[in-house]
Amino acid sequence: MLQVNEHYLKLQASYLFSDIAKRVAAFQDAHPGREVIKLGIGDVTNPLPPACIEAFHKAVDEMGTVAGFRGYGPEQGYDFLREAIAAHDFRARGALVEADEVFVSDGAKCDTGNIQELFSTGAKIAIPDPVYPVYLDTNVMAGRTGVYRDGRYEGIVYLDSTRANNFVPELPREEVDLIYLCFPNNPTGSTISREQLTTWVDFARDSRALILFDAAYEAFIRDPDLPHSIYEIPGAREVAIEFRSYSKSAGFTGTRCAYTVVPRECTAFDAAGNRQAIHPLWNRRHCTKFNGVSYPVQRAAEAVYSPAGQAQCTALIDGYLHNAGLIRAAMTELGYACVGGDNAPYVWIDGGRDSWGFFDLLLEKAGVVCTPGAGFGRCGQGYIRLSAFNSEANVIRAMERIRQALG
Ligand code: PLP
């Protein structure tokens, strides 16, 4: 008799976006003439940069020729892209990353979800709250948690991100093995300073822990003092794996391309207490379970680093950051405490009431859809997330409606 993986049965069904969709549908049924503006889901709305499209087309044409055709590529990614990543995203910022430490993939979601496979079931996991749900759910699936009780899984060390710590969690008081950090943060839009990140790196080094640093929103950083990569911090190469994505930086959510950096110095321990390098383990996993990102997509990603691609991506992100600034200014003017929106596409707003209550209020009074913070963890209760991923015109109209409804 085949048994299912019982750990899957512990998972809480993610009702967040389906609940939002249901409430929006009910509202639209009740008010057929009223247009709804969606500032909820974190998907980009602008088209791909022209430099990427041009490279994409060119690569597709190559695939149609005998000389240019390519079959299976290297699972880790083509050298042209790995070299461009190491040079532009890291060495240009003074962070040492070699091309062969870069693993190109089809998404940071898969990578942040799959990486835990390399570590023992007994590993103690520290996860921020609120958080991008993938980190937590993949550890539940792997059996690293107990049951779900009072809004939390047993066995997880939750790192509270609250107004008291400016949405940057404090170091855990107990021993942990694997630490998830995400900056600029989804959902709060908060950022981490060089000093704070140094504290985390030092903690990981002292306690022989490993940091999984999700920098999917790195391209939104505009403050020159903020670190873009954890490898800008001395000593991080031994204790940190970093995840990046072209989804939000170049509009690749539907095109799919991302990468993970596993430095050669990164280690964990075997049962006998000997250090084992993580790089060969991730390489083995990647090559066994993944067959590479398509050639045209990798060429499109490479075009992000061309002078035209850089200018176009900067303009794309500047547009979203402008929207985020409008959201933050409007909500602040209305008297709500806000975080994010300056180096991130998300604004995290203290609604001063139940998250879903504020969601309903914005929908009914303003016809604007947000994401209730409670959907991202217990510490998200009382907050909502507004996303800058929409047109400027829609954001202006949404804020005007909110002003009229709540002002
Ligand atoms: N990491 C964070 C923090 C995210 O918010 C997202 C997407 O919303 C991802 C990773 C997923 O990125 P990708 O589209 O590369 O899978």
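Since we're looking at a predicted model, the values are computed, not measured.

*Asks:* Honestly, the domain arrangement of the protein in this entry has me stumped. Any pointers?
*Replies:* How big an interface is tends to be expressed through the accessible area that disappears when the partners come together. Looking at the assigned domains, one finds that the protein contains domain 1 (6–47 + 308–406) and domain 2 (53–306). When domain 1 packs against domain 2, the two sides together hide about 3300 Å² of surface, and 60% of this comes from carbon and sulfur. Its largest share of buried area at the contact with domain 2, domain 1 owes to Asn 343, Arg 378 and Cys 379, together 19% of the area lost on that side. At the boundary of domain 1 with domain 2, the tally comes to 2 salt bridges. Our count for the domain 1 to domain 2 interface comes out at 19 residue pairs in polar contact (both at pLDDT 80 or more).

*Asks:* Even after reading the chapter, I still don't get the site of the ligand, so can you show me in this structure?
*Replies:* Near the ligand, the surroundings consist of 14 residues, among which Asn 186, Asp 214, Tyr 217, Ser 245 and Ser 247 are the closest. One of the side-chain N or O atoms of Asn 186 is found 2.7 Å from an oxygen atom in the ligand. A distance of 2.6 Å separates an oxygen atom of the ligand from a polar atom in the side chain of Ser 245. When the ligand sits alone it has 390 Å² of accessible area, and the protein chains cover 91% of it. With respect to the pocket detection grid, the ligand is positioned in the largest pocket.

*Asks:* Looking at this model, I keep getting lost on the environment of Thr 121. Mind explaining?
*Replies:* Its place among the elements puts Thr 121 in the loop between α4 (108–114) and β3 (125–129). Excluding residues within four positions of it along the chain, Thr 121 makes contact with Ala 142, Gly 143 and Arg 144.

*Asks:* Just checking my understanding: could you explain helix α10 (residues 355–366) for this structure?
*Replies:* Because an α-helix completes one turn every 3.6 residues, residues spaced three or four positions apart along the sequence face the same direction. Look at α10: 16 Å from first C-alpha to last across 12 residues, which is about the 16 Å you get at 1.5 Å a residue. Those residues of α10 lying buried are Ser 355, Trp 356, Phe 358, Phe 359, Leu 361, Leu 362, Leu 363 and Ala 366. The N-cap residue of α10 is Asp 354: its side-chain oxygen and the backbone nitrogen of Trp 356 are 3.1 Å apart.

*Asks:* Is there a simple way to think about the layout of surface pockets in this case?
*Replies:* Gaps left between atoms are located by rolling a probe of water-molecule size over the structure's atoms. Its volume calculated, the largest pocket comes out at about 1300 Å³. Around the largest pocket, the lining is made up of 46 residues, and of these Phe 17, Tyr 132, Pro 133, Val 134 and Phe 376 lie nearest the centre. Looking at the lining of the largest pocket element by element, the count peaks at 5 residues for helix α5 (residues 134–141). Here the residues of the lining of the largest pocket are counted per class, giving 23 nonpolar, 12 polar and 11 charged. Mapping the lining of the largest pocket onto the domain boundaries places at least three of its residues in each of domain 1 (6–47 + 308–406) and domain 2 (53–306).

*Asks:* When you look at the pattern of salt bridges in this model, what are you seeing that I'm missing?
*Replies:* Working definition: two side chains of opposite charge can pair if their charged atoms are close together. Under the definition given, this model contains 23 salt bridges. Among the ionic pairs, Glu 35 bridges to Arg 401, the shortest N-O distance being 2.5 Å. Placement of Glu 35 in the loop between α1 (16–30) and β1 (37–38) and of Arg 401 in helix α11 (residues 392–406) is noted, with a sequence separation of 366 residues between them. Put simply, Arg 244 and Glu 242 hold a salt bridge, and the shortest N to O gap is 2.8 Å. Of the two residues examined, Arg 244 and Glu 242, each falls in the buried class.

*Asks:* When you look at empty space enclosed by the protein in this model, what are you seeing that I'm missing?
*Replies:* In total, this model carries 1 cavity of 30 Å³ or more according to the counting rule given. Of the volumes computed, that of the largest cavity is approximately 30 Å³. In terms of lining residues, the largest cavity is bounded by Phe 183, Pro 184, Thr 191, Ile 192, Phe 213, Ile 221, Leu 226 and Pro 227. Taken together, the residues of the lining of the largest cavity break down into 7 nonpolar, 1 polar and no charged.

*Asks:* How should the packing of aromatic side chains be read in this particular structure?
*Replies:* The description of an aromatic ring pair uses the distance of the two centres, along with the angle that the planes make with each other. One pass over the full model with this rule turns up 22 aromatic pairs. Pairing Phe 220 with Phe 389 gives two aromatic rings, centres 6.2 Å apart and planes at 80°, and the pair type is edge-to-face. Residue Phe 220 is found in the loop between β8 (210–214) and β9 (240–245), and its partner Phe 389 is found in the loop between β17 (383–387) and α11; the two are separated by 169 residues along the sequence. The residues Phe 220 and Phe 389 share a single accessibility class, namely buried.

*Asks:* Please clarify how a nonpolar patch on the surface should be interpreted in this entry.
*Replies:* On the surface, Val 4, Tyr 8 and Leu 9 cluster together into a nonpolar patch covering about 330 Å² of accessible area. Note that Tyr 8 resides in the segment before α1.

*Asks:* Would you take a moment to explain α11 for this structure?
*Replies:* With 15 residues, α11 should cover 21 Å at 1.5 Å per step; its first-to-last C-alpha distance of 21 Å lies within 8% of that length. Taken residue by residue, α11 has Val 395, Ala 398, Met 399 and Ile 402 as its buried positions. One side of α11 holds all its buried residues, which, seen down the axis, span an arc of 95°. Its buried side turned inward, α11 meets β1, α9 (307–333), α10, β15 (368–369) and β17.

*Asks:* Would you take a moment to explain the sheet that holds strand β10 (residues 258–261) for this structure?
*Replies:* Pairing between the strands of a sheet is mediated by backbone hydrogen bonds and can be parallel or antiparallel. Judged by pairing direction, the sheet is mixed, and its 7 strands sit side by side in the order β2-β10-β9-β8-β7-β3-β6 without closing on themselves. Here the strands that pair on one side only, and so sit at the sheet edges, are β2 (102–105) and β6 (157–160). Ignoring strand direction, the axes of neighbouring strands in this sheet form an average angle of 20°. As defined by bridge partners, β3 adjoins strand β7 (residues 178–182) across 2 bridges and the pair is classed as parallel. In the strand pairing of β7, Ala 126 is matched with Ile 179.

*Asks:* Looking at this model, I keep getting lost on the sheet that holds β17. Mind explaining?
*Replies:* One open sheet holds the 4 strands; their spatial order is β13-β14-β17-β16, and the pairing between them is antiparallel. Every interior strand has two partners, whereas the edge strands, β13 (338–340) and β16 (371–372), have only one. By the bridge criterion, 2 bridges tie β16 to β17 in an arrangement that is antiparallel. Bridging from a neighbouring strand, Thr 371 pairs with Arg 385 of β17. The strands touched by α9 within the sheet are β13, β14 (346–350) and β17, with β13 carrying the most contacts at an inclination of about 165°.

About the thresholds
Residues numbered from 1 in each chain as written. Predicted model: local features only at pLDDT ≥ 70, side-chain atom pairs only at ≥ 80, totals over all residues. Heavy atoms only, no water. Domains from an automatic or database assignment. Buried area = accessible area lost by both parts, 1.4 Å probe. Salt bridge = Lys/Arg side-chain N within 4 Å of Asp/Glu carboxyl O. Polar contact = N/O pair within 3.5 Å; in protein donor to acceptor, adjacent residues only side chain to side chain. Near = heavy atom within 4 Å. Areas by Shrake-Rupley, 256 points an atom, 1.4 Å probe, with all protein chains shown as cover. 1 Å grid on protein atoms, 1.4 Å probe; cavity = no way out; pocket = protein on both sides within 12 Å on 5 of 7 lines; lining within 4 Å. Sits in = over half its atoms within 2 Å of the grid points. Helix = DSSP H or I, 4+ residues; strand = E, 2+ residues; numbered from the N terminus. Contact = heavy atoms within 4.5 Å. Expected span 1.5 Å × (residues − 1). Buried < 20%, exposed > 50% of the residue type's maximum accessible area, 1.4 Å probe, protein only. Points joined across faces, edges and corners; volume = space filled by probe spheres on them. Nonpolar A, V, L, I, M, F, W, Y, C, P; charged D, E, K, R; others polar. Phe/Tyr/Trp six-rings, centres within 6.5 Å; stacked < 30°, edge-to-face > 60°. Patch = residues over 30% accessible without salt bridge, like charges linked within 9 Å, V, L, I, M, F, W, Y side chains within 5 Å. Arc of directions from axis to C-beta. Pairing = 2+ DSSP bridges. Axes fitted to C-alpha atoms, helices over the stretch in contact; angles between N-to-C directions.

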